[in-house]
Amino acid sequence: MNIANWLEKAKTKVPNLDAELILLNILREKDRTYLISHDTRDLTEVEEEKANYFLNERAKNKPLAYIINSKEFYGRNFYVDENVLIPRPETEDIIDVVKNILAQNKIDYPIIYDVGTGSGCIAITLKLELPNAKVVAIDNSEKALEVAKKNSDTLHSEIILNKSDLLNNTPDNNIDIVVANLPYVDKTWDWLDFESLHYEPLSALYSSNDGLALIYELINQVSARPDIKHLILESDPSQHQKIIDYCHKKGLELVETRNFILYFVD
Ligand SMILES: C[S@@+](CC[C@H](N)C(=O)[O-])C[C@H]1O[C@@H](n2cnc3c(N)ncnc32)[C@H](O)[C@@H]1O
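First, a word on what this report is: a plain description of the structure on this page. Just so you know, these numbers come straight off a predicted model, no measurement behind them.

Some thoughts on the environment of L167
Position of L167 relative to the elements: it lies in the loop between β5 (160-163) and β6 (177-180). Along the primary structure L167 and L35 are separated by 132 residues, whereas in three dimensions their C-alpha atoms are 48 Å apart. Filtering out sequence-adjacent residues up to four positions away, L167 remains in contact with V115, L218 and Q221.

Regarding the site of the ligand
If you check the shell around the ligand, you find 24 residues, and the closest are G116, G118, S141, N181 and A204. Split into classes, the residues belonging to the shell around the ligand amount to 13 nonpolar, nine polar and two charged.

Things to note about the pairing of strand β8 (residues 253-258)
Pairing of β8 with strand β9 (residues 261-265), which is carried by five bridges, proceeds in the antiparallel orientation. Within β9, the residue paired with T257 across the bridge is L262. Between β8 and β9, which pair antiparallel in sequence order, lie two residues; one of them, N259, sits at a positive phi of approximately 55 degrees.

About the criteria used
- Residues numbered from 1 in each chain as written.
- Predicted model: local features only at pLDDT ≥ 70, side-chain atom pairs only at ≥ 80, totals over all residues.
- Helix = DSSP H or I, 4+ residues; strand = E, 2+ residues; numbered from the N terminus.
- Contact = placed C-beta atoms within 7 Å.
- Near = placed C-beta within 6 Å.
- Nonpolar A, V, L, I, M, F, W, Y, C, P; charged D, E, K, R; others polar.
- Pairing = 2+ DSSP bridges.

Put into structure tokens, the structure is as follows:
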């Protein structure tokens, strides 16, 4: 079967873009125009078998990122599997907020902690964008840290990986910035499409107390540490006011809200 025929068949089962991305992944090509310019190229038996397998997985609603083990974040490709959350575009704002903090506060050699690093997408991106930074990536999941290590090696970023429950085990006592995209989904939310989250690790998604338990715990830790000046949190916008109020009680002031992201100073 040639490329055009396979795509024709695949598009009856999954969205066009997904079909194209499956084939590009298998053919190790990046550019979608390749599929048009080579539409009469025959797939080998192995390629076709693999493409059909991926197609059937996608038709069962498995996220494409877990099928092709790849997701782009801030312009770079990260390896992902079912041990880590698939990086989301809304999380990219954290990178820009950190860049602004460093520029505005003239911090040249920052120590940055990424709490709940998962695939390592935030920590690794920060290290690659800000080579002078010392970046420590924390997770309490051994398997997530293995994925972060794999990404750190592939993308040649020198981050420090640290197994810890939030900030309980931190080798530094002069942290400048803490960033965190912790689990913030509550299982009782009836407005959320839980079907779409079915394949992602429970430990990366859910937190009790309306999704805020871990975020509150981290705020407690940060507010008790005089060295930590800047805290950046991701959460659903519906939770923002509660987080702002909680931070206010703990002496942290809101500086900026950007889509899913909140930035506080202590
Ligand atoms: C929502 S995922 C975020 C992953 C990644 N930072 C991103 O933005 O794509 C949350 C991560 O926090 C980790 N986590 C959950 N509870 C934790 C805790 N108490 N201490 C450290 N990490 C935790 C999970 O294992 C998971 O990898």
